[in-house]
Amino acid sequence: MISKQFFKSSAVYSVVGALPLAWGFFLLPFYTSLMTPADFAAFALYTAFSALVQILVNFGLDSYLVVHYIEFRSDTQQMRKQVGTTVLALLGIGAGMVVLSMLFGTLSFRQLFRDQALTFFPYGFMSVLTAIFNSFFKTYTHLLIYQQRVRRFFWANIFNTVLIIGLSLAGLYLYPYSLIGPMWGRLLSGLGIFLLALYWFITEFGLSFQRDLLKGMVRYCYPLVAYFALTWVLTYIDRFVINHFLSKEDVAVFDFAVKCTFVLEFMQIGI
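Residues numbered from 1 in each chain as written. Predicted model: local features only at pLDDT ≥ 70, side-chain atom pairs only at ≥ 80, totals over all residues. Heavy atoms only, no water.

### Looking at the pattern of salt bridges
- On inspection of all chains with the given rule, the structure shows 5 salt bridges.
- A salt bridge links Arg239 to Asp238; its shortest N-O distance comes to 3.1 Å.
- Look at Arg239 and you get buried, because its relative accessible area is 5%.
- Here the salt bridges share partners, and the residues they tie into one network are Asp238, Arg239, Asp255 and Lys259. (Salt bridge = Lys/Arg side-chain N within 4 Å of Asp/Glu carboxyl O. Buried < 20%, exposed > 50% of the residue type's maximum accessible area, 1.4 Å probe, protein only.)

### Looking at the nonpolar core
- Judged by nonpolar contacts, the single largest core of 71 residues is most densely connected at Tyr31, Tyr46, Phe136, Leu179 and Phe201.
- Top element by residues in this core is helix α7 (residues 120-147). It accounts for 13 residues.
- With sequence-adjacent residues up to four places away left out, Phe201 is seen in contact with Leu65, Val83, Val87, Phe136, Thr139, Tyr140, Leu143 and Gly206. (Core = buried A, V, L, I, M, F, W, Y, C linked by side-chain atoms within 4.5 Å. Helix = DSSP H or I, 4+ residues; strand = E, 2+ residues; numbered from the N terminus. Contact = heavy atoms within 4.5 Å.)

### As for unusual backbone geometry
- For the peptide bond that leads from Phe121 to Pro122, omega is 5°, which places it in the cis range.
- Positive phi is not limited to glycine here, since Phe59 has a value of about 60°.
- You can call Phe59 partly exposed: its relative accessible area is 22%.
- Phi is positive for Tyr177, which is not a glycine, with a value near 60°.
- In this fold, Tyr177 is placed in the loop between α8 (150-174) and α9 (180-205).

### Quick word on the side chain of Arg239
- As for its placement among the helices and strands, Arg239 is situated in helix α10 (residues 214-245).
- With sequence-adjacent residues up to four places away left out, Arg239 is seen in contact with Leu45, Val251, Phe254, Asp255 and Val258.

### Overview of the packing of aromatic side chains
- Throughout the structure, instances matching the rule amount to 21 aromatic pairs.
- A ring pair is formed by Tyr46 and Tyr123, whose centres lie 6.0 Å apart and whose planes are at 65°; its orientation type is edge-to-face. Here the residue Tyr46 occupies a position in helix α4 (residues 37-58), and Tyr123 occupies one in helix α7, the gap between them amounting to 77 residues. Residues Tyr46 and Tyr123 agree in their burial class; the two are buried.
- The rings of Phe133, Phe136, Tyr140, Phe194, Trp200, Phe201 and Phe205 are connected pair by pair, giving a single aromatic cluster. (Phe/Tyr/Trp six-rings, centres within 6.5 Å; stacked < 30°, edge-to-face > 60°.)

This is the structure:
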C-alpha cells in the first residue's frame, strides 16, 4: 500500500520543483508594466540564450550524478569520489565557458544579430554567468530528490523563488523601462543559490578529482547534451526566428503569449 509520506514527498517534488516556471508567470504583470516591448523582447532572447548555455555547461551531469549516487550509495568513499569529481567537472566547464565567452562572445553576437538587436556585453555575459549558477543549483536539487531529502529540497527551491522574485522586483522599480533590473535580479539570485549549493556540496561530500572517471562521464553525458539541445531548439528557437524576420515587438507579443500558458505547463511539468 502506498504511504502518506509517498504522496507528501511527490507533491513537494512536483509543485516546488516546477517553481522556476511559476516565478516567470508571477512577474509577467511587472515586466509588461515596467519594461518597454523592445526590452521585454530582448529579455526573452537573453533568457533563451541563457537556457542554451545552461544545457552546455551542465553537460547532462545532473543525470550522471544521481545514477552513480544510487550505484555507490552503499560505498561512501566511492560515492564521495563520484560526487566530488562531478562537482569539479561542473566548475571546470563553467570556468571554461566564461573564458570562451569573454574571447568570442562579442564576435558571435555580431554574426548572429547583425542588426545589433542584442549585444554580448554586458547582458549576454550576465546570461552566461546566470546559466552557470543555475546549472550548478539544478544539479544539487536533482540530487536531493534521490537522497529523499524533502525538507531541504523544499526550502532550497523556496529560497530560490523568493530571491529571484524579490531581486527582480527591486531592480524593476529601481530601474524601470530598462534591462538592468531583471538581468541583475536573475544574476544575483543565481549567485546566491550557486553559493548555497556549493557550500552544501563541499560540507557533505568534499571535493576530489579522479581523472579515470572522466572518460565514462563524457561517454554517458554527450547523448544527453544532444537531446537537451534539441529540446531547446523546439522550445526557444522560434523567438530568434521571429526576431530575425519580424521585429522585437513581435518577439515580445509572442513571448508574452507563451508565458501566459505557464500555469498549465507548471502543472504538467510538476506532475
